[in-house]
Amino acid sequence: MRYVGTRGGGSAGFRAVVTGGLAPGGGLWMPEVWPHFSHHELSAMARLDYAETAARVLARFIGDDIDDATLLGLCRDAYAGFDDAAVTPLRRLDDGLSLLELFHGPTLSFKDIALQLLGAMLGHFGARTTIIGATSGDTGSAAIHAVAGKKGVRIVMLYPEGRISDVQRRQMTSVAAGNVDVVAIDGSFDDCQRIVKALLGDAALVAKHRLSAVNSINWLRIAAQSVYYFTAALRLGAPDSAVGFAVPTGNLGDAFAGHAARRMGLPIARIIVATNANDIVARALADGVYRPGAVRATDAPAMDIQVASNFERLLWDAAGGDGAVVARQMAALAGEGEIVLTDAQRAALAHMTGVAIDAAAMDAAMRWADERGTTIDPHTAIALAAAQSVGGDDPIAVVATAHPAKFPDAVRRATGRDPTVPARLADALTGAERVVRLPADVAAVTAYVAARG
Ligand SMILES: *Cc1c(COP(=O)(O)O)cnc(C)c1O
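Quick notes on the rules
Residues numbered from 1 in each chain as written. Predicted model: local features only at pLDDT ≥ 70, side-chain atom pairs only at ≥ 80, totals over all residues. Heavy atoms only, no water. Helix = DSSP H or I, 4+ residues; strand = E, 2+ residues; numbered from the N terminus. Rg over C-alpha atoms; globule rule 2.2 N^0.38 Å. Buried < 20%, exposed > 50% of the residue type's maximum accessible area, 1.4 Å probe, protein only. Contact = heavy atoms within 4.5 Å. Areas by Shrake-Rupley, 256 points an atom, 1.4 Å probe, with all protein chains shown as cover. Lys, Arg positive; Asp, Glu negative; His and termini not counted. Charge placed at Lys NZ, Arg CZ, Asp CG, Glu CD. Core = buried A, V, L, I, M, F, W, Y, C linked by side-chain atoms within 4.5 Å. Near = heavy atom within 4 Å. Polar contact = N/O pair within 3.5 Å; in protein donor to acceptor, adjacent residues only side chain to side chain. Nonpolar A, V, L, I, M, F, W, Y, C, P; charged D, E, K, R; others polar. Phe/Tyr/Trp six-rings, centres within 6.5 Å; stacked < 30°, edge-to-face > 60°. Lys NZ or Arg CZ within 6 Å of the ring centre and 35° of its normal. Pairing = 2+ DSSP bridges. Axes fitted to C-alpha atoms, helices over the stretch in contact; angles between N-to-C directions. Expected span 1.5 Å × (residues − 1).

Student: Got a minute to help me understand the overall build of the chain in this structure?
Tutor: Of regular secondary structure, the chain possesses 20 helices and 15 strands. In terms of overall size, the chain behaves like a compact globule, its C-alpha atoms giving a radius of gyration of 21 Å where 453 residues would be expected to give roughly 22 Å. By its C-alpha atoms, the chain is 60 × 55 × 50 Å across when sized along the principal axes. For the chain, the residues scored as buried account for 56% of the 453 residues in total. Across the chain, the fraction of contacts at a sequence separation of at least 24, relative to all contacts at a separation of at least 6, is 74%. Only carbon and sulfur atoms are counted for the fraction: they give 50% of the accessible area of the chain, which is about 17200 Å². One finds the centroid of the 42 positive side-chain charges in the chain at a distance of 4 Å from the centroid of its 47 negative side-chain charges.

Here is the structure:
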């Protein structure tokens, strides 16, 4: 499989795309053609377990870079530590409504599904690398747990001091492995991201320390996340009947993975893109104009962003893979501050419905689920409320992106009840913390990275 850039140009294989950075001109990598699974191939997939399904889907994206037996082994390794044999189990909520639980990995958010596999693959490729990242919550701990103790890989994770939850901080700082550095920055998340971008833009530093990134621009994250759309849809009646998904959306990595599964032949009739007050993607799908505003802080912090990086992939695919169109649109975003979708792009995205859910509806959804014996987290509640507001005839799977124990304050406030804390989180909450404090200063972080590696 060859990959091309969303802003035109570029040609790279799977390994280069997964271990490298951006495509030419600041674009993102996309497969040159979508793999396609026939009705017969999809039916046969229903008999496979999760790791086998992952290997079968991912093989099409990888081509010759990893042989089939090795790939299956990597998938088995990645998902062996999940606490449910189904890896991403489906739980019935109501008639036609189920919960797709993506929080059974080591750090209890859906980020584990792609990052556990990315960790296994970096190990396989023997990539000597220093991963540098900035986190506002769940990505940091998932990335750290994916590479802790791995030979040849070091990880430096920046977070804004005092601006992530205690649970999220402890999930990072309680990891004792020597190849993990957690850095509290005296500043905001935007400061952290600015510093990471500056380091990754420093060619000499990147070459010397083999710096790489783990944010949601990495194609493997999309490919790995498309797998649970297959396992869930097959259990809900595909390929013989159509299904829908409701997805709590921030950077659009998760919802775009659903779009990818649809492009590969899965009969997904509808993808409900659920947002909170930060509704840029919902607005763009509804009125065809993508215009970032100011970020509003909510109880679903993983969705509190204004620029959804994977929207560029959606634009590219909806433009029939025309990089010139996307390059113009991204230039318009930088220049005029907005993108106007073409009629063709809007038509190609008709299966995606954007819905914005306010705080009261989010709390009501947490209570609705609680009354039926299921505790859900605030992000999942937004997707549930969106699914209930859209309705429809096809069965809908609400994508549950985090375990409720990660957001105890919001759950308690909405339901009056504390979520039960799984054992693997309880350990993190009591372990010793290890953290370095640095100013929000590129030179200080550069010196730290250079001195440590
Ligand atoms: C990251 C995250 C999201 C948003 O996912 P995207 O792929 O960025 O759209 C939603 N919920 C939780 C709990 C998350 O950690």
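The discussion continues.
Student: Help me understand the nonpolar core, please; the structure alone is not making it clear to me.
Tutor: The nonpolar side chains of a soluble globular protein tend to be buried with one another. Of all hydrophobic cores here, the largest spans 107 residues; its most connected members are Y79, W219, Y229 and F245. Tallying contributions element by element places helix α10 (residues 219-235) first for this core, with 12 residues. With 29 residues, the next largest nonpolar core counts L93, M366, W368 and I396 among its residues.

Student: I keep staring at helix α7 (residues 166-173) and nothing clicks. Help me out?
Tutor: In an α-helix, one turn spans 3.6 residues, which is why side chains three or four residues apart end up on the same side. With six of its eight residues buried, α7 lies for the most part within the structure. Listed as buried for α7 are V167, Q168, R169, Q171, M172 and T173. Where α7 is buried, its residues touch α6 (138-147), β6 (153-160), β7 (180-186), α18 (408-415) and α19 (423-430).

Student: Just to check I follow, could you spell out the site of the ligand for this structure?
Tutor: In the vicinity of the ligand, 14 residues are found, and the nearest of them are K111, D138, G250, N251 and T401. N251 places a main-chain nitrogen or oxygen 2.7 Å from an oxygen atom of the ligand. Here an oxygen atom of the ligand and a backbone polar atom of G253 are 3.1 Å apart. Here the ligand loses 95% of its free accessible area of 380 Å² to cover by the protein chains. Considering only residue class, the shell around the ligand consists of five nonpolar, six polar and three charged.

Student: Looking at this structure, how should I read the packing of aromatic side chains?
Tutor: Two descriptors summarise a pair of aromatic rings, namely the distance from one centre to the other and the angle between the planes of the rings. Inspection of the entire model under this criterion finds 10 aromatic pairs. Consider the rings of W34 and F256, whose centres lie 6.5 Å apart with planes at 45°: the pair is tilted. You can see W34 sitting in the loop between β2 (29-31) and α2 (39-45) and its partner F256 sitting in helix α11 (residues 253-263), a full 222 residues away along the chain. Across the pair, F256 and W34 agree in class, each one buried. Aromatic side chains Y50 and Y79 sit 5.1 Å apart centroid to centroid with 80° between the ring planes, which places their arrangement in the edge-to-face category. In this pair, Y50 sits in helix α3 (residues 50-62) while Y79 sits in helix α4 (residues 68-79), placing the two residues 29 residues apart along the sequence. For the pair shown, Y50 and Y79 are each scored as buried. Taken together, the aromatic side chains of Y3, W34, F61, W219 and F256 make up a single cluster linked through ring pairs. Over the aromatic face of F37 sits the side chain of R60, whose NZ or CZ is 4.1 Å from the ring centroid.

Student: Even after reading the chapter, I still don't get unusual backbone geometry, so can you show me in this structure?
Tutor: Leaving glycine out, the prevailing phi sign among residues is negative, and the prevailing peptide bond configuration is trans. In the segment running from A238 into P239, the intervening peptide bond is cis, with an omega of 5°. By secondary structure assignment, the location of P239 is in the loop between α10 and β9 (243-248). The backbone of V87 sits at a positive phi, close to 65°, despite the residue not being glycine. Note on placement: V87 falls in the loop between α4 and β3 (90-94). At L252, a residue that is not glycine, the phi angle is positive and equals roughly 70°. Since its relative accessible area comes to 1%, L252 is described here as buried.

Student: What exactly am I supposed to notice about the side chain of Q171 here?
Tutor: Residue placement: Q171 occurs in helix α7. Within the structure, Q171 has its side chain in polar contact with the backbone oxygen of T107 (distance 3.1 Å). Setting aside its immediate chain neighbours within four residues, Q171 contacts T107, L108, S141, H145, K406, L425 and A428.

Student: Explain the sheet that holds strand β13 (residues 352-356) to me, please; I cannot follow it from the model alone.
Tutor: Each strand in a sheet pairs with another by means of backbone hydrogen bonds, the pair being arranged parallel or else antiparallel. With mixed pairing, the six strands of this open sheet are ordered in space as β3-β4-β14-β9-β10-β13. The sheet is open, and its two borders are formed by β3 and β13, each paired with just one other strand. Strand-to-strand, the axes of this sheet are offset by a mean angle of 25°, without reference to chain direction. Alignment of β9 against strand β10 (residues 268-275), held across six bridges, turns out to be parallel. Each residue of the ladder has a partner; that of V243, found in β10, is I268. Packed on one face of the sheet, α10 meets β3, β4 (97-101), β9, β10 and β14 (396-400) and runs near 140° to β9.

Student: Before we go on, may I ask you to explain α10 in this structure?
Tutor: Taking 1.5 Å per residue as the helical rise, α10 with its 17 residues ought to reach 24 Å, and the 26 Å between its terminal C-alpha atoms agrees with that figure. Here α10 lies mainly inside the structure; 16 of its 17 residues are buried. The first or second residue beyond α10 is G237, which carries a positive phi of 120°.

Student: I keep staring at the pairing of β4 and nothing clicks. Help me out?
Tutor: Successive residues of a regular strand alternate their side chains across the two faces of the sheet. Counting buried residues along β4, five of its five residues qualify, which places the element largely inside the surrounding structure. Alternating positions in β4 separate into two faces, L97, L99 and E101 on one and S98 and L100 on the other, with burial throughout. The pairing of β3 with β4 spans four bridges and is classified as antiparallel. Opposite R92, over in β4, you have S98 as the bridge partner. Between β3 and β4, which pair antiparallel one after the other, the connecting turn spans two residues, and G96 there sits at a positive phi close to 70°. As judged from the five bridges shared by β4 and β14, these two strands associate in the parallel manner.

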